Structure formats: structure tokens, C-alpha cells
Amino acid sequence: MISMLIEDMVLDFGCEIVGPAARLDHALTLALQGDIDIGLLDINVDGSVVFPVADVLRFRGIPFIFSTGYDFRSLPERFRDCPALSKPFSYDTFAETLRSAFAGNSGLRALA
């Protein structure tokens, strides 16, 4: 249900959704092969942490935003400088984070 709400928010920005990926293996495949401009990554994907996906996106030079209900201090050190949204987050907070990450671009494809 939350994933669908986030998808609606992303679509409101005129973006195309790549995914969503409800399993880590699917998310990794999309991160490796997908035509993606930005990743929206929930830290917990079906009981697995999403950090391998973030590593792939970072290697490919694709920005990403973490979404989590956990404390940000639970992020590995290598990701502490990445944008992160604390769940639950408001539409306005989500919008501001996306605007900042998009930096004026439009028509982006988002891995959600």
C-alpha cells in the first residue's frame, strides 16, 4: 500500500516508474540493467537490506534516496551522506527531497 502511494507521488512529478521491485534480486536486476535516473530505495525489501542495490546505483553514477522507518544511524558509514526520508514522511517532504535530487530535470525514470 505504501509503495503505491509513493508511486502516485512520483507519477505526480511526471516521472516514469521502473519497478517497483518487491524483492532484492529484482531490485538488483533493475539497478544493473534498468534505464534509471534516480533510485527510491526502501532500506528493507522483503526482509533484506537494500544496500547492495545502492552500491550498484552508486557505481553506475545514479543518485538515490533512502526511505526508512529505522534510525538513520543504522545506515552504513558509506551511505551516511545520502539523502534519506524518515517514514512516515509527508508529501511536502517527499516533494522537496525529489526536487533537490532532480535538480531541475524532468521526465526522469525512477526505480521504486
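Rules and cut-offs
- Residues numbered from 1 in each chain as written.
- Predicted model: local features only at pLDDT ≥ 70, side-chain atom pairs only at ≥ 80, totals over all residues.
- Heavy atoms only, no water.
- Helix = DSSP H or I, 4+ residues; strand = E, 2+ residues; numbered from the N terminus.
- Buried < 20%, exposed > 50% of the residue type's maximum accessible area, 1.4 Å probe, protein only.
- Salt bridge = Lys/Arg side-chain N within 4 Å of Asp/Glu carboxyl O.
- pLDDT = per-residue confidence, 0-100.
- Phe/Tyr/Trp six-rings, centres within 6.5 Å; stacked < 30°, edge-to-face > 60°.

Digging into unusual backbone geometry
- For the peptide bond that leads from Lys87 to Pro88, omega is -5°, which places it in the cis range.
- Structurally, Pro88 can be placed in the loop between β6 (84–86) and α4 (91–102).
- Positive phi outside glycine occurs at Asp46, with the angle close to 55°.
- Among the secondary structure elements, Asp46 is positioned in the loop between β3 (44–45) and β4 (48–49).
- The class for Asp46 is exposed, based on a relative accessible area of 63%.

Some points on the pattern of salt bridges
- Under the criterion given, the structure shown has five salt bridges.
- In this structure, the salt-bridge partner of Arg78 is Asp55, at a minimum N-O distance of 2.9 Å. Of the two residues, Arg78 is situated in the loop between β5 (64–68) and β6 and Asp55 in helix α3 (residues 51–60); the sequence distance between them amounts to 23 residues.
- Residue class for Arg78 comes out partly exposed when judged on its relative accessible area of 42%.

As for the confidence of the model for the protein chain
- Taken over all residues, the pLDDT of the protein chain has a mean of 84, while the share at 70 or more is 88%.
- By mean pLDDT, strand β7 (residues 109–111) is the weakest element of the protein chain at 56, and α3 is the strongest at 96.

A word on the packing of aromatic side chains
- Summed over all chains, the structure comprises six aromatic pairs.
- Plain terms: the ring middles of Phe51 and Phe79 are 5.6 Å apart, the flat faces sit at 25° to each other, and that makes the pair stacked. Of this pair, Phe51 sits in helix α3 while Phe79 sits in the loop between β5 and β6; the two residues are 28 residues apart in sequence, bridging distant segments of the chain.
- Here Phe79 falls in the buried class, since its relative accessible area comes to 0%.
- Here the aromatic rings of Phe89 and Phe94 are separated by 5.4 Å at their centres, their planes lie at 20°, and the arrangement is stacked.

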